[in-house]
Structures are given as structure tokens and as C-alpha cells.
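Here's the letter readout for the chains.
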Amino acid sequence: MFPLTENYLTRGFWGDEAWTSLISQLPYLQMLKTTAADFHPPGYYTVVELWYKVFPPTEVSTRIVSIVFYFLTIFLVYKLASLLINSTSEEPPSTASTTLSTGLLRASELTSEVNRDKVEGSKLAPWEVISKKRFWGLLSAIVVAVNPIFFTYAFEARNYTMFAFASVGSIYFLIGILNKSTSEVKSTPTSQVTGGKVEESKLAPWEVSRGGVTNVIFFILFSTLGIYTHYYMFLTLFAQGFYIVLFHRKILLKMIGIYAIIGLLYLPWMPFLLGQLKSVGSGYWIGPIDGKTHWEAILRILSGEFENGFRPFLLTLSIGLILTGFFQHLKKRILAKAYILIWFWAVVPFILATLPGLSINGFKLPFRPIFFWRYLIPASVPLSLIILQPLRTLKLQPLKILTLITVIALSLTIDYLTLTRYPYTFRQVYEQKVLPEIASRDKIVTVLPSFAEVLYYRNRFRLDNELIILPEGIVQFSGKSLLDAYVQNGVVKIDDNPAGRYFELRPGPSIEMIENSL
């Protein structure tokens, strides 16, 4: 068993995590200004800054924010999967037309259903339907929870689990809106419902029913939270809009109004976003797309970031299940709308993120590349739901159970290997090589790529030695704005020729003691 004090949760910060902590320790207005000068929205750092009002800015404390959103996302996945259970099932003829028009059916709207063994005419009691929904909701939550990439970033002081939380919430309440808007089930006898006689809503396309107000409010809140957390949330909203245009045009006017409200709530940050887009156009750290870019993204999202002997097996099994589910639906010559929505949620952001700066045989699309696999981590949620889909229709119970166990067991094994990692970071450099030897007059010198970690641990170990940043490599890219803020505050200074004895710390991490007598 790994030591409880030395694991992936308790390890030292790496660069982006240290960046999170340092920017969240700035005065709030300066934090907003610093974020605006970089390429990030301020939502996640606002939450961390509020967290620091109560808890210390340690590694474990900061990562708890991500862990909280990790569990909140899992809960929402349970709710979402429970809601989707009937819409992606094989519907009997009596309910097929209803499902095609609404996209899904709730358990409360059904009092009978053909069971998984397709015994025609068999009926499930209401509590049996609810139990089935809860079972698959719980199973979906488990598969998402143990997904290796999602599990890994639950222990990162970054905004990915908060982004996933907002994304899942937005999809969940969008489905609620679509339900309420396209098919209002009235207080009708059971025979009318099971016979497919569902009374259509009398509301105009732009109106919202009393029961739909809650869905609209929470959809707006989650969607707004998402775009204030990560810019890739815009891609999720585009996926939603594409789906609505194709399958729910009758309520397009209402949805345009709802998205307009989200846009109004985002207006305060819009000038900063436009400025960030301009700066990205001139230079950004994300490299061009090559032949390995998308494969690496799929590999990491489905089977984890770190190499190990189990990853190829989980990747192969996951891809096999995804393809099996897709061909199952094609064989039926019909795709449940909710199943299409989940696919759009997973695939459309992947495609849209690929387009900027894409170059094919000399033809190049405008802007610089923005595709980065880590920004697509929330796609692990819809992909996990898609992976489970064919297992719900598999008739061979032993094979179904074995496949489920294998997916979860492989994921848990990879998660365990991740949790037991304890990489060498600047925390160990300070503990082992700086603290035992540093004198009060010694300086600490570093470069921009390792600035955040070096400053964080200088502060963490309560050293008051002067911190100097070498000017080499200082360009306008992610991280420069934070350096500018701490230079402005007088915490660090930039100097290309520090005098005296100093510890030079560089990415790696590496350290060298230098005596410069000038």
C-alpha cells in the first residue's frame, strides 16, 4: 500500500498548479486583470480565491476544490444517465413515435415498458422502472468516476472538473427544457400514455411552461458558469445549438432567447475575451496539429495520461464498445435523439477545436491552433456514457457482466497506478538542496517557465531570499501576465546578471549553485 503522505494528491505542485495558487492569492481585482492579460476566464480562480479566505493555500487544500467538483460531476452524471435511460433503449412500437418527437421519455411518463429480454407485452411495475433507471444511472456514475483521465485531474489544481461539472449540468437541464417544450404529458389515464397518446404542448415556441422555468434558470446558470470557467465551453454550447437546429427547430426561437441571456451575462468579460483572442492571434504556446495530435487525445481521454501496461487493453475495449454501440443503432436504422445529443457533446467540440489554424496540403484555415487534448477532458463524460450504451442492449448476461467488470477493473488499476505516483518536483528540490544550504544573503534565480513553482515554494517554506527572473525566453505567452503582476508587487525582479551567490533553479527540475563576483 502506498504511503498516505506520498501520493498523487499530496505531491508537490507542477507549473500550472502553482500558477493557479499564485494567481488566486493576488488581490481580487489584480487577479481579474492578470487573468484578462492571459488566456483564461476568471471563474475557477474566483472559486479558489474564495476558498483561500478560509483554507490555507497548500497543495492538498487547493486540490480539494477540484475533488469537490469531481464528486459533484459524478452526482450530475447519475442524474443525467437516469434521465437518458429510456431514450437510448430499444423502444417498443407503441412508444417509438413519442421518443422520436421528444428525444427521451421519463420513467414518470411510463407505466409499462418492454423489458430487456424483449418479452412482448410484459410489464414492469413503476418501481421496477425507477429501479432500472437508478441502476444504470449509478453504473454510469461509476464508469465516469473511474475514467483514468477524469480521475487523474480530480487531483489537479486546475479547472477541468469544474468545467466538466458545468458542462454536464448544462446538458442535463437542456434535456429538461427540450422535454418540457416539445411534449407536455398531461394528467391522462395510464392506457393513454402506454398507447403513445401523448398530448402535445399548447405553448408557443417562445413560451416556457411553469414546470420548465426551473430547467431554463439552471441551464442558464450552468452554461454561464461553464464559459466563465473554460473557453472550450463555447464549443459545448455550439454542439447544443447544432443539435437543436437539426432536431428541435420548433423551439429554436425560444432557445435563441435563452442563449441571448447567457450572452448578456457574459458581456462584462467579453472585452477581455476579445483582447485575449487578439493576443493569441499573434502568438500562443499551443503547437500545430500533426498526425499524432488526435490519436494522443483519444488515447489519453479514453485510457489515461500515463503510460502503463493496462492502458492499451482499456483503450481497445473502450473503442470496441463505442463502435459496437454505434453499429447497433445503425442496424436499427434509427438513432435515438438523446443518443445523438451525447455524441454531439463528445464529438462536435473535438471537431471545432481542430479547425483554427488547420493546414491540409497547403490550405490553411485562419487563426492559430487551439487544439489541446487536456482542454477536452470533459469529453470523458459523454464518451463513458457511449461506452456503456451497447452493454444495455447486450442479451448475453455473462458477457455483459464480464465486460462491465473488465472496464471498471482496468480503470481502477490505472487509477491506482496514478494515485501512487509521487513525481520529483521543486518541493523536493527545496527540501533536499536549498533549505539545508541557503544563507540569508543568497539569491534564488529562475526562468519564466519555472517561475510559478519556484516562487510558490519559496513562499511556502517562508524564505525571504531575493527572487530574480532571468529575461531569457520571456515572451507574451501563458504565464507572462502572472510574472508581471508579481514584479509590479515588488515580490520578484527581472535581472540578466545577478550578483553574488545564488541557486539557479530551472525546469526539470534542476538546480545549480553559482557564485558571480562580477
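Criteria and thresholds
- Residues numbered from 1 in each chain as written.
- Predicted model: local features only at pLDDT ≥ 70, side-chain atom pairs only at ≥ 80, totals over all residues.
- Heavy atoms only, no water.
- Helix = DSSP H or I, 4+ residues; strand = E, 2+ residues; numbered from the N terminus.
- Buried < 20%, exposed > 50% of the residue type's maximum accessible area, 1.4 Å probe, protein only.
- Contact = heavy atoms within 4.5 Å.
- Areas by Shrake-Rupley, 256 points an atom, 1.4 Å probe, with all protein chains shown as cover.
- Polar contact = N/O pair within 3.5 Å; in protein donor to acceptor, adjacent residues only side chain to side chain.
- Pairing = 2+ DSSP bridges.
- Right-handed = clockwise from strand over helix to strand, strands pointing away.
- Axes fitted to C-alpha atoms, helices over the stretch in contact; angles between N-to-C directions.
- Parallel < 35°, antiparallel > 145°, perpendicular 65-115°, else oblique.
- Left-handed = near helix turned anticlockwise from the far one by under 90°.
- Nonpolar A, V, L, I, M, F, W, Y, C, P; charged D, E, K, R; others polar.
- Core = buried A, V, L, I, M, F, W, Y, C linked by side-chain atoms within 4.5 Å.
- Expected span 1.5 Å × (residues − 1).
- Patch = residues over 30% accessible without salt bridge, like charges linked within 9 Å, V, L, I, M, F, W, Y side chains within 5 Å.
- Salt bridge = Lys/Arg side-chain N within 4 Å of Asp/Glu carboxyl O.

Can you walk me through the overall build of the protein in this structure?
Counting its secondary structure elements, the protein contains 21 helices and seven strands. Scored against the burial criterion, the 518 residues of the protein give a buried share of 55%. Long-range contacts, defined here as pairs at least 24 residues apart, represent 75% of the contacts in the protein between residues at least 6 apart. Of the roughly 23400 Å² that the protein leaves accessible, carbon and sulfur atoms contribute 65%.

Sorry if this is basic, but what is going on with the side chain of Ser 66 here?
One can find Ser 66 in helix H4 (residues 59-84). Note on Ser 66: relative accessible area 0%, which makes it buried. Of the polar contacts made by the side chain of Ser 66, one reaches the backbone oxygen of Glu 156; its length is 2.6 Å. Here Ser 66 is in contact with Tyr 44, Tyr 153, Ala 154, Glu 156, Ala 157, Arg 158 and Thr 161, once residues within four sequence places are set aside.

Mind showing me how you'd approach the environment of Ile 261 here?
Position of Ile 261 relative to the elements: it lies in helix H12 (residues 252-266). For Ile 261, a relative accessible area of 39% corresponds to the partly exposed category. C-alpha separation for the pair Ile 261 and Ile 220, spaced 41 residues apart in sequence, amounts to 7.5 Å.

What is the right way to read the pairing of strand E3 (residues 443-446) from this model?
Both faces of the sheet carry side chains from a regular strand, because those side chains alternate between them. Neither face of E3 is open: one carries Lys 443 and Val 445, the other Ile 444 and Thr 446, and all of them are buried. Where E3 and strand E6 (residues 500-506) come together, three bridges link them in parallel fashion. Bridge pairing links Lys 443 to Tyr 502 in E6. Bridge count between E3 and strand E4 (residues 467-469): three bridges; the pairing is parallel. Each bridged residue has a counterpart across the sheet, and for Thr 446 the counterpart in E4 is Ile 469. Where the polypeptide runs from E3 across helix H20 (residues 451-460) and back to E4, its parallel neighbour, the crossover connection is right-handed.

When you look at the sheet that holds E3 in this model, what are you seeing that I'm missing?
Two strands in a sheet stick together by hydrogen bonds in their backbones, pointing the same way (parallel) or opposite ways (antiparallel). Strand order in this open sheet of five strands is E5-E4-E3-E6-E7, and the pairing throughout is mixed. Two strands bound the open sheet, and with one partner strand each, they are strand E5 (493-494) and strand E7 (510-516).

I'm lost on the packing of helix H17 (residues 380-393) against helix H18 (residues 397-419) in this one. Help?
Helix packing for two helices is described by the angle between their axes and how far apart those axes are. Orientation of H17 relative to H18, taken along the N-to-C sense of each, is 160°, at an axis distance of 9 Å. Comparing the axis directions of H17 and H18 gives the class roughly antiparallel. In terms of crossing hand, the pair formed by H17 and H18 is left-handed. Together, Leu 388, Leu 391 and Arg 392 of H17 and Lys 400, Thr 403 and Leu 404 of H18 make up the contact between the two elements. For the contact of H17 with H18, the per-class residue count stands at three nonpolar, one polar and two charged.

For this particular structure, what's the right way to read the nonpolar core?
The nonpolar side chains of a soluble globular protein tend to be buried, and buried together. In this structure, Leu 80, Phe 451 and Leu 482 are the most contacted members of the largest nonpolar core, which totals 136 residues. The greatest single-element share of this core, amounting to 13 residues, is contributed by helix H8 (residues 160-182). With near-sequence residues (within four places) excluded, Leu 482 lies in contact with Trp 19, Leu 22, Ile 23, Leu 26, Thr 34, Phe 451 and Ala 452.

Got a minute to help me understand helix H11 (residues 233-247) in this structure?
The periodicity of an α-helix, 3.6 residues per turn, causes residues three or four positions apart to be oriented the same way. Spanning 15 residues, H11 covers 21 Å between terminal C-alpha atoms, matching the ideal 21 Å at 1.5 Å per step. Every buried residue of H11 is listed here: Met 233, Leu 235, Thr 236, Leu 237, Ala 239, Gln 240, Gly 241, Tyr 243 and Ile 244.

Can you help me understand unusual backbone geometry in this one?
Most of the time, phi is negative for any residue but glycine, and the peptide bond is trans. Here Gly 508 and Pro 509 are connected by a cis peptide whose omega angle stands at -5°. Tracing the backbone shows Pro 509 in the loop between E6 and E7. Backbone geometry at Arg 462 places phi at a positive 55°, although glycine is not the residue there. Positionally, Arg 462 belongs in the loop between H20 and E4.

Which parts of the structure should I look at to understand a nonpolar patch on the surface?
Together, Val 213, Ile 217, Phe 218 and Leu 221 give the surface a local cluster of nonpolar side chains, amounting to about 340 Å² of exposed area. Take Val 213: it is sitting in helix H10 (residues 213-229).

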